[in-house]
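# Remarks on the overall topology
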Amino acid sequence: MPASPEVLADLQTALSMELTAAHQYQLHGSVLDDWGIDRLAAQMGEEMTEELGHSKAFLDRILFLKGTPELTMQKTPVVAKSLAEMFKLDLEDEKEAICFYTGAAKKAYEAGDIGSRSLFEKIVLDEEGHMGWLELQLDLLERMGEPAYIAKHMSAPTEGGEA
């Protein structure tokens, strides 16, 4: 059975969304390193790696279905000015992804493409995990205050003044 053009379009959109997410987390990691919040920067590096894994899964699926993948970002990553802004930006992106992937899974199912449906569903579950983590960070930031939150997410200075 030939691939559904609509499912291929959704896979391409998903690929672009995941490439954007990976580069957004990469940017956040660099900004956090610059701010001296190295432990949180490392977490952003892990998120980046997971998003790159998602993009590879979508890329592989497009190729399997004999589509032509385009490695483009959906939107330009944004430099956040604060931790709260960083988490809120990412939370909006995760909610958007969950909504899109849920609809894409339904369309893939209706097109009889169980492999693509299954991929969209798997990624939705990962994105829900990201959403939960981001909501927790925003809650902690509010309850602890930014100075205490930052102190928890940075390494203690070593002798000689290096972090």
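Thresholds, definitions, all that
- For every chain, the first residue of its written sequence is number 1, and the numbers climb from 1 along that sequence.
- Reporting of local features is limited, given that this is a predicted model, to residues whose pLDDT is at least 70; pairs of side-chain atoms are given and counted only at 80 or more, and all residues count toward the totals for whole chains, interfaces and linings.
- With hydrogens and water excluded, all non-hydrogen atoms of the structure serve as input to the side-chain values.
- UniProt positions are given in the numbering used here, feature names are shortened, and annotations may be inferred rather than shown by experiment.
- A pairing counts as a salt bridge when a side-chain nitrogen of Lys or Arg comes within 4 Å of a carboxyl oxygen of Asp or Glu.
- Helix and strand assignments follow DSSP, with helices taken as H or I runs no shorter than four residues and strands as E runs no shorter than two, numbered in order from the N terminus.
- A 1.4 Å probe rolled over the protein chains alone gives each residue an accessible area, and that area as a share of the maximum for its type sets the label: buried under 20%, exposed over 50%, partly exposed in between.
- Here, axes are lines fitted to C-alpha atoms. For helices the fit covers the stretch in contact, and angles between N-to-C directions go from 0 to 180 degrees.
- Angle categories are assigned with fixed cut-offs, so that under 35 degrees is roughly parallel, over 145 is roughly antiparallel, 65 to 115 is roughly perpendicular, and the rest are oblique.
- Each crossing is labelled by how the near helix is turned from the far one, with a counterclockwise turn of less than a right angle marking it left-handed and a clockwise turn marking it right-handed.
- By the convention adopted, Pro, Cys, Tyr, Trp, Phe, Met, Ile, Leu, Val and Ala count as nonpolar, Lys, Arg, Asp and Glu as charged, and the other residues, Gly among them, as polar.
- A helix is expected to span 1.5 Å for every residue after the first.
- Contacts: residue pairs with any heavy atoms within 4.5 Å of one another.
- Here the aromatic set is Phe, Tyr and Trp, taking the six-membered ring for Trp, and pairing holds for ring centres within 6.5 Å; pairs whose planes are under 30 degrees apart are stacked, those over 60 apart are edge-to-face, and all others are tilted.

Identification of the protein chain as Bacterioferritin from Aeoliella mucimassa is taken from an unreviewed UniProt entry. As recorded by UniProt, the Sequence similarities (unreviewed entry) comment attached to the protein chain reads in full: "Belongs to the bacterioferritin family." Per its UniProt entry, the protein chain bears the Function (unreviewed entry) comment "Iron-storage protein, whose ferroxidase center binds Fe(2+), oxidizes it using dioxygen to Fe(3+), and participates in the subsequent Fe(3+) oxide mineral core formation within the central cavity of the BFR protein shell."

### Let's talk about the pattern of salt bridges
Counted under the stated rule, the structure contains nine salt bridges. Here Lys107 makes a salt bridge to Glu6, at a shortest N to O gap of 3.8 Å. A residue pair is termed long-range when its members are at least 10 positions apart, and Lys107 in helix H3 (residues 83-110) and Glu6 in helix H1 (residues 5-34) qualify at 101 residues. Using a relative accessible area of 46% as the deciding quantity, one classes Glu6 as partly exposed.

### Looking at the packing of H3 against helix H4 (residues 114-144)
The geometry of H3 relative to H4 is characterised by a closest axis approach of 8 Å and an angle of 160° between their N-to-C directions. The orientation of H3 with respect to H4, classified from their angle, is roughly antiparallel. Relative to H4, H3 is oriented so that their crossing is left-handed. Its residues placed into classes, the contact of H3 with H4 shows 20 nonpolar, four polar and nine charged.

### Some words on H3
Taking 1.5 Å per residue, 28 residues should reach 40 Å; H3 reaches 41 Å between its end C-alpha atoms and fits that length. Listed in full, the buried residues belonging to H3 are Leu83, Met86, Phe87, Asp90, Leu91, Glu94, Ala97, Ile98, Tyr101, Ala104, Ala105 and Ala108. Against H1, helix H2 (38-64), H4 and helix H5 (146-152) lie the buried residues of H3.

### Here's the deal with the UniProt feature "binding site: Fe cation 3" (unreviewed entry) in the protein chain
Sites flagged by UniProt as "binding site: Fe cation 3" (unreviewed entry) map to Glu50. Tracing the chain through its elements places Glu50 in helix H2. Contact partners of Glu50, with chain neighbours within four places excluded, come to Asp126 and His130.

### A look at the packing of aromatic side chains
Under the criterion given, the structure shown has six aromatic pairs. With 6.0 Å between their ring centres and 85° between their planes, Phe87 and Trp133 make a pair best called edge-to-face. Note that Phe87 is positioned in helix H3 and Trp133 in helix H4, a separation of 46 residues in sequence. Given a relative accessible area of 0%, Phe87 falls into the buried group. When its relative accessible area of 22% is taken as the criterion, Trp133 is described as partly exposed. Seen from their ring centres, Phe100 and Tyr101 are 5.7 Å apart, and the 65° between their planes marks the pair as edge-to-face. Taken together, the aromatic side chains of Phe58, Phe100, Tyr101 and Phe120 make up a single cluster linked through ring pairs.

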